[in-house]
Amino acid sequence: MTSWLRLEVMKIRRSRKIALVSHCILNTNAKIEGTASYPAALQQVVGLLLAHHYGIIQLPCPELRAMGLRRWGQVVEQYANPFFTEAVRSMLVPTLREIQEYVRNGYRVDLLIGIDKSPSCGVNLTCSGDWGGEIGIKKLTESMVVKGEGVMIRVLRQEMEKLGIPLTMVGVDEDNLDLSIEAIKQAMLRAGS
């Protein structure tokens, strides 16, 4: 077999489909202590992506990168500031360049799976509250889940729009995984899988 034919056969074997996933879907160890609902990775989501022949790009965890593993939980209002937003934008630069390179070479990078209720990675839902000052039990119990995007998802969506790369986005609700799996399947259909 000639080398150019071998290269063409190798290209055919690739699905040329790539999903972006929140960091903790592949590595639950990045979550705030005490909040993990699975031991290592969210196997149902990863298995579904692999079964549908998606390659996976793991997004950075901005909370881990900015504050480490010993951080407290926060709400979207605490992260929605110019300093954190710019840090997230900087963290996403290598990922955005990688996406551009894939798209430039005929790959589809059009599916994003986030973690709903996260102040960074929520797609449909995020954690909200009027927090600030000293940490106290009263403040910690006054958060709520509201409709809206987390800070990183918002920044990523905006940057992808600037690049003209459409994204189908879906959020995983870890408290309702069966419904989330169905939502991912529907998102795959919308994305063209």
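Residues numbered from 1 in each chain as written. Predicted model: local features only at pLDDT ≥ 70, side-chain atom pairs only at ≥ 80, totals over all residues. Heavy atoms only, no water.

Observations regarding helix α3 (residues 43–51)
(1) Moving on: Of all the residues in α3, the buried ones are Val45, Val46, Leu48 and Leu49. What you see down the axis of α3 is that its buried residues fit within an arc of 160 degrees, all on one side. Residues of α3 that are exposed and point over 90 degrees away from its buried face: Gln43 and Ala51.
(2) Moving on: Structurally, α3 contributes buried residues whose contacts are with β1 (17–21), α2 (23–26), β2 (55–58), β3 (108–115), β6 (168–172) and α9 (177–191).
(3) Moving on: Trailing α3 by a residue or two, His53 shows a phi angle of about 65 degrees, which is positive. (Buried < 20%, exposed > 50% of the residue type's maximum accessible area, 1.4 Å probe, protein only. Helix = DSSP H or I, 4+ residues; strand = E, 2+ residues; numbered from the N terminus. Arc of directions from axis to C-beta. Contact = heavy atoms within 4.5 Å.)

Observations concerning the pattern of salt bridges
(1) Moving on: Summed over all chains, the structure comprises twelve salt bridges.
(2) Moving on: Note that Glu159 is salt-bridged to Arg89, the shortest N-O span being 3.0 Å. With Glu159 in helix α8 (residues 151–163) and Arg89 in helix α6 (residues 82–104), this pair connects stretches of sequence that are 70 residues apart.
(3) Moving on: When its relative accessible area of 13% is taken as the criterion, Glu159 is described as buried.
(4) Moving on: Given a relative accessible area of 23%, Arg89 falls into the partly exposed group.
(5) Moving on: Among the ionic pairs, Lys117 bridges to Asp175, the shortest N-O distance being 2.7 Å. Separated by 58 residues along the polypeptide, Lys117 in the loop between β3 and β4 (125–128) and Asp175 in the loop between β6 and α9 bring together distant segments of the chain.
(6) Moving on: You can call Lys117 partly exposed: its relative accessible area is 27%.
(7) Moving on: A residue is classified by how much of its surface remains accessible, and Asp175, at 67% relative accessible area, is exposed.
(8) Moving on: Among the ionic contacts, a cluster of salt bridges with common partners joins Glu86, Arg89, Glu159 and Lys162. (Salt bridge = Lys/Arg side-chain N within 4 Å of Asp/Glu carboxyl O.)

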